[in-house]
Amino acid sequence: MMNLNPDTLKLPQRELAGQADKPILRLEAIRKVYGKHVVLDDLNLTLRSGEVVAIIGPSGSGKSTLLRCINMLGPATSGRVVVGDLAIDESIPPTAQQLTSLRRSVGMVFQSFNLFPHMSVLRNVSLPQERVLGRSRKDADKRSRELLARVGLAEKADQYPARCSGGQQQRIAIARALALDPQIMLFDEPTSALDPELGLEVLLVMQELARSGMTMLVVTHEMNFAETVSDRVIIMADGKIIEEGPSKEVMRDPQTDRAKRFLKAVKDR
Amino acid sequence: MTADMFLGVATGIPWTLAVTAAAFVLGAALGLPLCAMRLSNVALLRVIALVYIILFRSVPPLLWVFVFFFGLGSGYLPISAFEGVVLGLGLITAANMAEIYRGALSAIHAGQWEASEALALPSYSTYLDIIAPQLLRVSLPSSASYAVGLLKDSAIASTIGVTDISFNANYIAKSTYQGLPVFAIAALFYIMISLPVAALARAADQKLRARVAL
Ligand SMILES: Nc1ncnc2c1ncn2[C@@H]1O[C@H](COP(=O)(O)OP(=O)(O)O)[C@@H](O)[C@H]1O
Ligand SMILES: [Mg+2]
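What you see is a predicted model; the values in this text were computed from it and never measured. Sequence positions are assigned chain by chain, starting from 1 and proceeding in written order. Here every chain gets a letter starting at A, and every ligand a number starting at 1, in the order they are written. Local features in a predicted model are, by the rule used here, given only for residues with pLDDT of at least 70; side-chain atom pairs are given and counted only at 80 or more, and totals for whole chains, interfaces and linings are based on all residues. Each side-chain value is worked out from all heavy atoms of the structure, with water and hydrogens disregarded.

J.: Can you walk me through the confidence of the model for chain B in this structure?
T.: Low pLDDT marks regions whose predicted coordinates should not be analysed in detail. As a per-residue quantity, pLDDT reports the predictor's confidence and falls between 0 and 100. For chain B, the average pLDDT comes to 91, and 98% of its residues sit at 70 or higher. Both scores are given for the predicted complex: the pTM is 0.85, the ipTM 0.90.

J.: Is there a simple way to explain the sheet that holds strand β1 (residues 23-34) of chain A in this structure?
T.: What holds strands together in a sheet is hydrogen bonding between their backbones, with the strands either parallel or antiparallel. Residues and elements named next belong to chain A. What makes two strands pair is DSSP finding at least two bridges between them. Put simply, DSSP marks the helices as runs of H or I at least four residues long and the strands as runs of E at least two long, and each gets a number from the N terminus on. Strand order in the open sheet formed by four strands is β2-β1-β4-β5, with antiparallel pairing between adjacent strands. Only two strands of the sheet have a single partner each, and these edge strands are β2 (37-48) and β5 (86-89). The average undirected angle you get between the axes of adjacent strands in this sheet is 10°. Pairing of β1 with strand β4 (residues 78-83) involves five bridges; the strand directions are antiparallel. Counted as the bridge partner of R26 is V82 from β4. Contacts are assigned to residue pairs with any non-hydrogen atoms lying within 4.5 Å of each other. Structural elements are reduced to axes, namely lines fitted to C-alpha atoms, with helices fitted over the stretch in contact, and the angle between N-to-C directions of any two is expressed from 0 to 180 degrees. Docked against the sheet, helix α1 (residues 63-70) engages β1, β2 and β4, running at close to 120° with respect to β1. Here helix α2 (residues 96-105) sits on the sheet and contacts β4 and β5; the angle it forms with β5, its principal contact strand, is near 120°.

J.: Would you take a moment to explain the site of ligand 1 for this structure?
T.: Residues and elements named next belong to chain A. All residues in the neighbourhood of ligand 1 are listed as Y34, H37, V39, P58, S59, G60, S61, G62, K63, S64 and T65. Whenever two N or O atoms come within 3.5 Å, that pair is a polar contact, provided that in protein one can donate a hydrogen and the other can accept it, and provided that, for residues adjacent in sequence, both atoms are side-chain atoms. Between ligand 1 and the protein, one listed contact pairs an oxygen atom with a backbone N or O atom of G60 at 2.7 Å. At 3.0 Å from an oxygen atom of ligand 1 is found a main-chain nitrogen or oxygen belonging to G62. Coverage of ligand 1 by the protein chains reaches 59% of its 560 Å² of free accessible surface. At the level of elements, β2 and α1 are the ones that each hand at least two residues to the shell around ligand 1. The dominant element in the shell around ligand 1, judged by the number of residues it contributes, is α1, at three residues. The criterion for a residue being near a molecule or strand is simple. One of its heavy atoms has to lie within 4 Å of it. Surface exposure here means Shrake-Rupley accessible area, sampled with a 1.4 Å probe, where a residue is shielded only by the protein chains that are shown.

J.: Help me understand the nonpolar core, please; the structure alone is not making it clear to me.
T.: One finds L25, I30 and L217 of chain A together with V85 of chain B to be the most contacted residues of the largest nonpolar core, which totals 78 residues. At 14 residues, helix α5 (residues 81-105) of chain B tops the list of elements feeding residues into this core. Those residues in contact with I30 of chain A that sit more than four places away from it in its chain are L40, D41, D42, L43, L66, C69, A76, S78, G79, R80, V81 and E90 of chain A. Take the buried Ala, Val, Leu, Ile, Met, Phe, Trp, Tyr and Cys residues and link them wherever side-chain atoms come within 4.5 Å; each set so joined is a nonpolar core. Three labels apply to residues, based on accessible area from a 1.4 Å probe with only protein chains included: buried if under 20% of the type maximum, exposed if over 50%, partly exposed otherwise in between. Formed by 34 residues, the second largest nonpolar core is a distinct cluster that contains V125, I172, M216 and V218 of chain A.

Here you go:
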């Protein structure tokens, strides 16, 4: 029986030499309002290349909304998202080219997997490569098989998603997002819909991805993942970042009362 | 009842099948853009689609077929009886299929659109590769029962001289003065065609359901 305790997830120091200080994602004054309800309140955040940041916080604090602002699935009311050389003003409609370029740079993994149920696992991973990157079927399939092997699912290529467990489906979804060679991966509670054992196999894939140097922003309820895999933890409440810092410090010694209460509530559960 | 009667009515089967199939294919194809227009962000497109759907669903099929064959056919645009009935029934089918698709669309999880967007799929691909196949699959049971209804409506073709099952039955009944057996034979043919269609649709539905769980 595998167990997700801090020791099994302990990682060798990741190699970030040379690019550790280069910002790859910058969020500037992100504000999102639904009617009178302020969901994101002038939020700022910078991710360096190769950094893994976990976002935790109570339900309804705006975590999903924030991720959806970054790839413009749900644009913010105002604010700016900068990914590499691409700067996008969230308050005005982006050009089609900006959107495509943004979404090619930023991959997303959803809580509910969202695989295409009418396609084989291989097609799920290959189709976006063909339609978005213009790869040939042959090249796309080759890349897909590599990625499926990487997430431990080479033998599932010809199955339909419905024949796969939830944990397998989520790993396929990760492979599908990686197939577009993104610079940043967003995860929105990737294990919340899964039983603990199935969640663990997904977390192990994410841990391997983190180790390989992928820049990751992960909304999660997995406190062990936040503490031991991520470099930095952000605690959100009511649309604001209430606490932010190196993972161990934030998780073990939070400064604000609100963060203390949240972490206590989570640990007592 | 004689073998002649039987064979005489049977020669209409290809026409009945042709009218039904052609009208259904035309309607199933046109129904997709019509459904997209019905749900468009552009108000004008929505209104056009809505007017089209109301118009084609509330006027009896017989009337539409007359409009195309006698109205258009005489003068404006010479079309055959077959073309007239396929056009009339096909355009009605488009209106009905658009509504069937619209219902099926709500069964497609919002995550399918979001994943397509997040993966930067161009919109043609989102519609053709992701949404349309699921839409056709979800609407299969309703489409099949509509197709069986259409098979019966195809008898309208006989009123403008397409020699389908009903036309032949009517003709033979009049020339032999034996209506009952002749029309019984015609009824038997309609049943023999619709039963396999319904069974095939059910089988396909179950097979797809088992495979993709949708
Ligand atoms: N489409 C919407 N319309 C109105 N309010 C919304 C909408 N989507 C989210 N919200 C609100 O935004 C807040 C943040 O939601 P969300 O980002 O999903 O939180 P989290 O992911 O942290 O649980 C919640 O209060 C939620 O009710
Ligand atoms: Mg959420």
